[in-house]
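Spelled out from the first residue to the last, the chains are:
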Amino acid sequence: MRISSAELSFGRRGPLISLGLFVFAIVAAYEVSQYIINGDTFSLLLIGVAAVGCSLVVAILNDWRNGLYIFFAWLLFEDLVRKYLGNNMLIYFGKDLLVAVVYVSYLAAIRRKELRTFRPPFLMPLVLFIWFGVIQAFNPASTSLVFSVLGLKLYFYYVPLLFIGYSLLNSEAELRRFFLVNLGLAAVIAALGIAQAILGSTFLNPAQPAADIKNLSTLYRLAPLSGTIVYRPTSVFVSDGRFASYMLLAWILAFGFSGYLLLRSRRGRNLVFLTLAIVSAGVVFSGSRGALLYTGASLLICSAAFFWGAPWRQGEALRGVRTLQRTLLVGGLAFLLFLVAFPEALSSRFSFYSETLSLDSPDSELVHRVRDYPLQNFLLAFQYPRWPYGYGIGTASLGLQYVARILKVKSTISGVENGYGTLVVELGILGLILWIVWTLSLVLASWKIVKSLRGSPWFPLAVSISWFAVLLLFPLTFGGISPYQNFVLNAYLWLLVGILFRLPHIVLARQPAGAGQSQSRTL
């Protein structure tokens, strides 16, 4: 047997490598023991997180698909680690490092010609908006390039997940795996949020939260008529708003996937409907009026769409009715259970919702919060003297408080509480126009995919993903730029849109050759 030069070289260096690893282990054990002796648990936790992070990087480089799941698991639970480590910014940027490694691993797979890529129909309007954002990074009104880097990251850093989402689904089994894993994580996060809403702010929060996040994790709302106090839980996140918006996303995905399973397979139905019940309860216990209203709107719109796109000719439209029936049934049973077990926690939230949302209530805030307040803030953007050309990307974005604390740099503007208004303040009126153009292009292209899948089991998934994109890019963003810049919603948006454009190709792959050719002419 012949021995290659590489094997011979490794054999010569093997003992040296082993010796080096042994010395490194001894030094590391000594350093760790010093932390233990001194009782420095904070540094030990940081070392543990760093060790886990290094192992995750290696795993991602070996397989970008598994790496993507690792990234999203870290994305969802990063805040839990961060708030117990004093809002440490090294933890905050951990997700950005992990997704960068996913990008590298994905590009390496493309170079090996293992993957198929695609050109999204809305690519040109999106690229124009990205280039305009890059130009705005050098706006002379911006006081620091730090704001530019922050803005570019918040707007565009997760855009490559669009292409990764398209390449991810190489089979229907991968599709099922993606939704089952993500809905399993959603069920855990929702259950923890419900428990926190019942037990109070001391659960899942450190005894002394960092100053930057203390108010976010200890927010209470007061019902104006009854005087009932409602705690808004954060679950594994650092803010109540991030938990509520994630519950909305999880509900839409669970509803769409349950419709797919009713038309396609019995496997996993019980788990998905259980998740739907838990997430529905999570929406109610979140104490967020926006999440509650948007979930109700999602139920009505997605249900109507399911009936419109049901396979009537195959006699399977009744399954759409079953989807709605089971959704209402499991939701009703969940609320009945919580009402019996925790009547005060649930009734207090219903009091808060009814007293502040009902049009019959003298303290109703529905019209003010839905119409008047966001419109007033949008018009406030035009009171800034530089509204025609803006102050630069990132100057009024999410996370400015961290920039001010760490780098001692403050923005010269306060911004407005309206997403479209923030776009005007940062990018000028042209930036707002380009935003509307590329978002409309994405929605119209998504609608074409939805229509092409009408009558197929994949239709409920397509509707749910498209509706989430519409919801995030239009009403939620109009209300404030924070939902779009929320890294959880942003990452899921781009990944799910890539998955949406992949769905027709999964359908074609499972049909006979003749049927596939016939279907391809309709797409």
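Structure shown above.
Every residue gets a number counted from 1 within its own chain, in the order that chain's sequence is written. Selection of residues for local features in this predicted model requires a pLDDT of at least 70, selection of side-chain atom pairs for listing and counting requires 80 or more, and totals for whole chains, interfaces and linings are taken over all residues. As a rule here, side-chain values come from all non-hydrogen atoms in the structure, and water together with hydrogens is ignored.

Q: What exactly am I supposed to notice about the packing of helix α18 (residues 419-452) against helix α19 (residues 459-479) here?
A: For the pair α18 and α19, interaxial distance at closest approach is 10 Å and the crossing angle is 165°. Judged by the inter-axis angle, α18 sits roughly antiparallel to α19. Here the hand of the crossing between α18 and α19 comes out left-handed. Contacts between α18 and α19 involve G419, Y420, W435, W438, T439, L440, L442, V443, S446 and V450 on the former and, on the latter, F459, A462, V463, S466, A469, V470, L473, F474, T477, F478 and G479. Axes, fitted as lines to C-alpha atoms, cover a helix only where it is in contact. Angles between the N-to-C directions of the axes lie from 0 to 180 degrees. Note on conventions: DSSP H or I runs of at least 4 residues are helices, E runs of at least 2 residues are strands, and numbering of each starts at the N terminus. Any angle from 65 to 115 degrees is called roughly perpendicular, while one under 35 is roughly parallel, one over 145 is roughly antiparallel, and all others are oblique. By definition, any crossing whose near helix is turned counterclockwise from its far helix by less than a right angle is left-handed, and any crossing with a clockwise turn is right-handed. The contact definition used throughout considers only heavy atoms, calling two residues in contact when any of these lie within 4.5 Å.

Q: Explain the pattern of salt bridges to me, please; I cannot follow it from the model alone.
A: Charged atoms that come close allow side chains of opposite charge to pair. A side-chain nitrogen of Lys or Arg and a carboxyl oxygen of Asp or Glu constitute a salt bridge if their distance falls within 4 Å. Applying the stated criterion across every chain, the model contains ten salt bridges. A salt bridge links K95 to E78; the shortest N-O distance between them is 3.1 Å. Here K95, found in helix α5 (residues 94-111), pairs with E78, found in helix α3 (residues 64-84); they are 17 residues apart in sequence, far enough to count as distant. Of the two residues examined, K95 and E78, each falls in the buried class. The partner of D79 in a salt bridge is R242, and the shortest N-O contact between them spans 2.7 Å. Buried, partly exposed and exposed residues are distinguished by accessible area as a fraction of the type maximum, computed with a 1.4 Å probe on protein chains only: under 20%, between the cut-offs, and over 50%, respectively.

Q: It is not clear to me how the environment of G399 should be interpreted in this structure. Could you clarify?
A: Position of G399 relative to the elements: it lies in the loop between α16 (366-380) and α17 (400-407). Assessed through its relative accessible area of 10%, G399 is described here as buried. Along the sequence, G399 and F147 sit 252 residues apart, while their C-alpha atoms lie 9.7 Å from each other.

Q: Hey, could you run me through unusual backbone geometry in this one?
A: Leaving glycine aside, a negative phi is the common case for residues, and trans is the common case for peptide bonds. Even without being glycine, L204 reaches a positive phi, approximately 65°. Tracing the sequence through the fold places L204 in the loop between α9 (172-199) and α10 (211-217). Residue L204 is classed as buried on the basis of its relative accessible area of 15%. One non-glycine residue, S235, adopts positive backbone phi at about 55°. The exposure class assigned to S235 is buried, which follows from its relative accessible area of 0%.

Q: How should I be thinking about α16 in this particular structure?
A: Note: α-helices contain 3.6 residues per turn, so residues at a spacing of three or four share the same orientation. An ideal rise of 1.5 Å per residue puts 21 Å on 15 residues; α16 measures up with 21 Å between its terminal C-alpha atoms. The axis of α16 is deflected most strongly, by about 35°, at D372, and proline P374 appears within four residues downstream. Here α16 has its buried residues at P374, N377 and F378. By this rule the span expected of a helix is its residue count minus one, scaled by 1.5 Å. The reported bend at a residue is simply the angle between two axes, fitted to the 7 residues ending at it and to the 7 residues beginning with it.

Q: Explain the packing of aromatic side chains here, please?
A: Two descriptors summarise a pair of aromatic rings, namely the distance from one centre to the other and the angle between the planes of the rings. Put simply, two rings from Phe, Tyr or Trp (the six-membered ring, in Trp's case) pair if the centres are within 6.5 Å, and we call them stacked under 30 degrees between planes, edge-to-face over 60, tilted for the rest. Per the stated rule, a full pass over the model turns up 38 aromatic pairs. Taking the centre distance of 6.0 Å and the plane angle of 50° together, the rings of F122 and F501 count as tilted. Taken together, the residues F122 in the loop between α5 and α6 (123-136) and F501 in helix α21 (residues 487-510) connect sequence positions 379 residues apart. Look at F501 and you get buried, because its relative accessible area is 7%. Pairing W438 with W494 gives two aromatic rings, centres 5.6 Å apart and planes at 15°, and the pair type is stacked. Here W494 lies in helix α21 and W438 lies in helix α18, a separation of 56 residues in the sequence. You can call W494 buried: its relative accessible area is 0%. What links up through ring pairs into an aromatic cluster is the set F129, Y155, F156, W435, W438, Y484 and W494. In this structure, K95 packs its charged tip against the face of Y92, placed 3.7 Å from the ring centre. Counting as a charge over the ring demands two things of the Lys NZ or Arg CZ atom: a distance within 6 Å of the ring centre and an angle within 35 degrees of the ring normal.

Q: Please explain the side chain of R232 as it appears in this structure.
A: Structurally, the position occupied by R232 is in the loop between β2 (229-231) and α11 (240-264). For R232, a relative accessible area of 9% puts it in the buried group. Definition of a polar contact: a pair of N or O atoms within 3.5 Å, with one able to donate and the other able to accept a hydrogen when the atoms are protein atoms, and with sequence-neighbouring residues admitted only if both atoms are side-chain atoms. Engagement of the side chain of R232 in a polar contact is seen with the side chain of D240, the distance being 2.9 Å. Residues within four places of R232 in sequence aside, it is in contact with L219, R221, D240, G241, A244, S286, G287 and S288.

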